Amino acid sequence: MLILGIETSCDETAAAVVADGRRVLSNVVASQISVHERFGGVVPEIASRQHILAIDQVVDRALKDAEVGMVDLDAIGVTVGPGLSGALLVGTSFAKGLSLGAGVELRAVDHIEGHVLSPWLGFDEASVEPPLPMIALVVSGGHTELVLVTAPGAYVVLGRTVDDAAGEAYDKVGRLLGLPFPGGPNVEAAARQGNFNPTVEMPRAWLRGSYDFSFSGLKAAMSREVSRRRALADGGRLPAGAVGEFAAAFQESVADVLSGKLALAVAETGASSAAIVGGVANNEYIREKARERLSVSLYAPAAGLSSDNAAMIAGAAYWNPRVVDLDFDIDPSLRLEEAGKSRLPVSRPGDLARRNEPE
Ligand code: KG4
Ligand code: ZN
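Note that this is a predicted model, so its numbers are computed, not measured.

Colleague: How should I be thinking about the coordination of the zinc ion (ligand 2) in this particular structure?
Modeller: In ideal tetrahedral geometry, four donors around a metal make angles of 109.5 degrees, whereas ideal octahedral geometry with six donors gives angles of 90 or 180 degrees. Coordination of the zinc ion (ligand 2) by the protein involves His111 (NE2), His115 (NE2) and Asp308 (OD), with metal-donor separations of 2.1 to 2.2 Å. Given 4 donor atoms and angles of 91 to 149° at the metal, the environment of the zinc ion (ligand 2) is assigned as irregular. Sequence spacing of the donors to the zinc ion (ligand 2): H-x3-H-x192-D. Of this pair, His111 sits in helix 4 (residues 111-116) while Asp308 sits in the loop between strand 10 (298-299) and helix 10 (311-319), and the two are 197 residues apart along the sequence. The buried category is assigned to Asp308, whose relative accessible area is 16%.

Colleague: What should I look at first to understand the nonpolar core in this one?
Modeller: Soluble, globular proteins show a tendency: their nonpolar side chains are buried together. Judged by nonpolar contacts, the single largest core of 46 residues is most densely connected at Phe246, Phe250, Leu258, Leu262 and Ile276. Those elements giving two or more residues to this core turn out to be strand 6 (134-139), strand 7 (144-151), helix 5 (166-176), helix 6 (183-193), helix 7 (216-232), helix 8 (242-269), strand 9 (273-277) and helix 9 (284-293). Considering each element in turn, this core owes the most residues, 14 residues, to helix 8. Counting residues in each nonpolar core, the second largest holds 31 residues, with Tyr299, Leu305, Ala316 and Leu336 among its members.

Colleague: Is there a simple way to think about the sheet that holds strand 11 (residues 323-324) in this case?
Modeller: Backbone hydrogen bonds hold the strands of a sheet together, and the pairing may be parallel or antiparallel. Strand order across the open sheet formed by 6 strands is 3-2-1-4-5-11, with mixed pairing between neighbours. Here the strands that pair on one side only, and so sit at the sheet edges, are strand 3 (23-31) and strand 11. Two strands pair when backbone bridges link them, and strand 1 (residues 2-7) and strand 4 (residues 75-81) are joined in this way by 4 bridges, in the parallel orientation. In the strand pairing of strand 4, Ile6 is matched with Val78. Set on the sheet, helix 2 (residues 44-66) makes contact with strand 1, strand 2 (12-19) and strand 3; between it and strand 2 the angle comes to about 20°.

Colleague: I'm lost on the layout of surface pockets in this one. Help?
Modeller: Where empty space is left can be seen by rolling a probe of water-molecule size over the atoms. In this structure, the largest pocket encloses a volume near 1,100 Å³. Asp11, Ser140, Gly141, Gly142 and Asp171 are, among the 38 residues lining the largest pocket, the residues nearest its centre. Residue composition of the lining of the largest pocket, grouped by class: 11 nonpolar, 19 polar and 8 charged. The space that makes up the second largest pocket amounts to roughly 170 Å³. Pro82, Ile112, Gly142, His143, Thr144, Glu145, Arg160, Thr161, Ser333, Leu334, Arg335 and Leu336 are the residues that line the second largest pocket. For the lining of the second largest pocket, the residue count by class is 4 nonpolar, 5 polar and 3 charged.

Colleague: How should the pairing of strand 6 be read in this particular structure?
Modeller: Looking along a regular strand, one sees the side chains alternate between the two faces of the sheet. When you tally the buried positions in strand 6, you get 6 out of 6 residues, the bulk of the element. Relative to strand 7, strand 6 runs antiparallel, the two sharing 6 bridges. What sits directly across from Ala136, in strand 7, is Val147. The turn joining strand 6 and strand 7, which pair antiparallel and follow one another in sequence, is formed by 4 residues. Bridge analysis of strand 6 against strand 9 gives 5 bridges, and the strand direction is parallel.

Colleague: Explanation requested: the site of ligand 1 in the structure shown.
Modeller: Residues in close proximity to ligand 1 total 19 residues, the closest being Gly141, Asp171, Glu188, Gly279 and Asn283. Between ligand 1 and the protein, one listed contact pairs an oxygen atom with a backbone N or O atom of Gly184 at 3.1 Å. A distance of 3.0 Å separates a nitrogen atom of ligand 1 from a polar atom in the side chain of Asn283. A total of 550 Å² of accessible area belongs to ligand 1 in isolation, and the protein chains cover 88% of it. Mapping ligand 1 onto the cavity grids shows that it belongs to the largest pocket. Mapped by element, the contributors of at least two residues to the shell around ligand 1 are helix 4, helix 5 and helix 6. Here the shell around ligand 1 is composed, by residue class, of 4 nonpolar, 12 polar and 3 charged.

Each value, and the rule that gives it
- Residues numbered from 1 in each chain as written.
- Chains lettered and ligands numbered in written order.
- Predicted model: local features only at pLDDT ≥ 70, side-chain atom pairs only at ≥ 80, totals over all residues.
- Heavy atoms only, no water.
- Donors = N, O, S within 2.8 Å, 3.2 Å for Na, K, Ca; no water.
- Tetrahedral: all angles 85-135°; square planar, octahedral: opposite > 155°, others 65-115°.
- Helix = DSSP H or I, 4+ residues; strand = E, 2+ residues; numbered from the N terminus.
- Buried < 20%, exposed > 50% of the residue type's maximum accessible area, 1.4 Å probe, protein only.
- Core = buried A, V, L, I, M, F, W, Y, C linked by side-chain atoms within 4.5 Å.
- Pairing = 2+ DSSP bridges.
- Contact = heavy atoms within 4.5 Å.
- Axes fitted to C-alpha atoms, helices over the stretch in contact; angles between N-to-C directions.
- 1 Å grid on protein atoms, 1.4 Å probe; cavity = no way out; pocket = protein on both sides within 12 Å on 5 of 7 lines; lining within 4 Å.
- Points joined across faces, edges and corners; volume = space filled by probe spheres on them.
- Nonpolar A, V, L, I, M, F, W, Y, C, P; charged D, E, K, R; others polar.
- Near = heavy atom within 4 Å.
- Polar contact = N/O pair within 3.5 Å; in protein donor to acceptor, adjacent residues only side chain to side chain.
- Areas by Shrake-Rupley, 256 points an atom, 1.4 Å probe, with all protein chains shown as cover.
- Sits in = over half its atoms within 2 Å of the grid points.

The structure is reproduced here in structure tokens:
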């Protein structure tokens, strides 16, 4: 079964063709990072406009790379939430048009579900797929969630962040240390080169008795320590080597809590496998730390499929097919538990007008 995936929930315009929920035939991602960089974060209106400019070329490229035409497709899977409303509307409207024009079935996909099921991509053999039940740690710029997966479409969110997402914390700390945006990969690289200095050890928020996470205290502690070191330094600049030390201390704290809670969830639920998915799953140190602590195998998406992409949307549309009519609506605050249910937001006349009314 051939599925075209379309993803526009945040700042990546992406399209991909996936066969049977596993084989990635094409995976095209047009990133807007350079456009948003100077604002230090994603600007929703700019994101929508960039999606409009890119979407038809991205979809066209994905079909060409996969060497398929619209007539070969069995379905189109599109992200309906969670995400930025204007951005989601571009992808879903485009998908509706394609579906109507080519007579291809439309399937709605939850973005987080796409991440959760992304370890299935890239395999041909059922034997290398993660055994269920699985605990998935979803860590990205907008999300930090610990999810029990008993079957595609059957999810229990055990815990989530009560403040910043893990990737967001990486990005903010990257800015604090004067590293380029996005902070995640740059903080990881700085930490790799930096010496671990026990005198700059950072706090951990364990929130014992729950699977929730918190990173804002760590961020505040980093900010305080960096300011203190700056004040002591000549010319107010961090001394050479301090950036690496701070990056290593921050990463140690994040990796400790993420891997600790992931391992605890596996032990307490008796899950058969674990996975780390989402942009932060690119981080080798966090994966290594998790592997050390886990009693089951750790799965992660294949290269290039951790950060936002549309192959994971096509994959989720295969494993949990939620066929929708053309009148379905986006849901910017969609919750993962809803992904297992057939009920989907359907637009009613006047909905759009109401949404645009001032509060
Ligand atoms: O999944 P993703 O591409 O987009 C969202 O849905 O947010 O995740 C992007 C996030 C950014 O915060 C980025 O800094 C982080 O993933 N990230 C990393 C690494 N690579 C990307 N964080 C830590 N270490 C990395 N190597
Ligand atoms: Zn994402």
